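Fold and geometry: a report
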Amino acid sequence: MSLWEYANPKKFMQLSAGVLPWVGGLTAVCLIVGLVWGFFLTPDDFRQGSTVKIIFLHVPSAMMAINAWVMMLVASLIWLIRRHHVSALAAKAAAPVGLTFTAIALVTGALWGQPMWGTWWAWDPRLTAFLILALFYLGYIALWQAVEDPDTAADLTAVLCMVGSVFAVLSRYAVKFWNQGLHQDSTILKVGEKDPIAPAFYVPLVVCIAGFVLLFVLLVLMRTRTEIRARRLSALLARERLA
């Protein structure tokens, strides 16, 4: 059995139908446990007070905003190389989800930054790259809507996805590239190093991240199934017009 068999729309629909209930259940458990634990059962930070609890929304959404674009890039490359329609539709399905995560990250970042930095926004390298990434999401979605031929739209958006990947990388590593700006470097993977996240916050944060990852998978599977049905409906309507 080959992994590429699931690029067949029929097999993808069968597999996803069986997986969705399990992914949905795990998503609900992780999000409920992580958010309740994070917002109601963790102490206030000695410096930031209760404001620090925005971390349970901001960090997972920011991580998924970047990783959603990476997933779109991989799916787009598969489309360009192997011409599997399911991969192109999966990339299309992921874009609105990624844009939503990006918007959540930007809004929660502003809410967190105002009391900590004294400003809602700063042209920090990481923040600026993240804003540009959001604009690429909007452009990607608009390009799909603007081009009538699905295969042409998939080709053009795949190229756009490769260009936008530069800003996805900058959103993650801008602090390392430019040692300036207000936004700190990532600390979630630095347990044991200087200034790590306290265990009281780290564990529920990991649970929240797992919940956001599962939520992304759930929404992309659901939206991909919808895109496949819409493609089938369009094909049937086209045949009827020709008949």
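Before reading further, recall that the structure is shown in the block above.
So, here's what we can say about the structure. This structure is a prediction, so every number in the text was calculated from the model and none was measured.

The next subject is the pattern of salt bridges. Counted by the stated rule, this structure contains three salt bridges. A salt bridge links Asp-155 to Arg-83, with the shortest nitrogen-to-oxygen separation between them at 2.9 Å. Of this pair, Asp-155 sits in helix α5 (residues 150–177) while Arg-83 is found in the loop between α2 (55–82) and α3 (85–117), placing the two residues 72 residues apart along the sequence. Residue class for Asp-155 comes out partly exposed when judged on its relative accessible area of 25%.

This next bit is on the packing of aromatic side chains. Given two aromatic rings, their pairing is described by the distance between the two centres and the angle made by the two planes. With the rule as written, the count across this model stands at six aromatic pairs. Both rings, one in Phe-101 and one in Phe-212, keep their centres 5.7 Å apart while their planes meet at 40°; by these two values the pair is tilted. In this pair, Phe-101 sits in helix α3 while Phe-212 sits in helix α6 (residues 199–242), placing the two residues 111 residues apart along the sequence. The class of Phe-101 is buried, set by a relative accessible area of 4%. Put simply, the rings of Trp-69, Phe-136, Tyr-137 and Tyr-140 pair up and form one aromatic cluster.

The rules behind each value
- Residues numbered from 1 in each chain as written.
- Predicted model: local features only at pLDDT ≥ 70, side-chain atom pairs only at ≥ 80, totals over all residues.
- Heavy atoms only, no water.
- Salt bridge = Lys/Arg side-chain N within 4 Å of Asp/Glu carboxyl O.
- Helix = DSSP H or I, 4+ residues; strand = E, 2+ residues; numbered from the N terminus.
- Buried < 20%, exposed > 50% of the residue type's maximum accessible area, 1.4 Å probe, protein only.
- Phe/Tyr/Trp six-rings, centres within 6.5 Å; stacked < 30°, edge-to-face > 60°.

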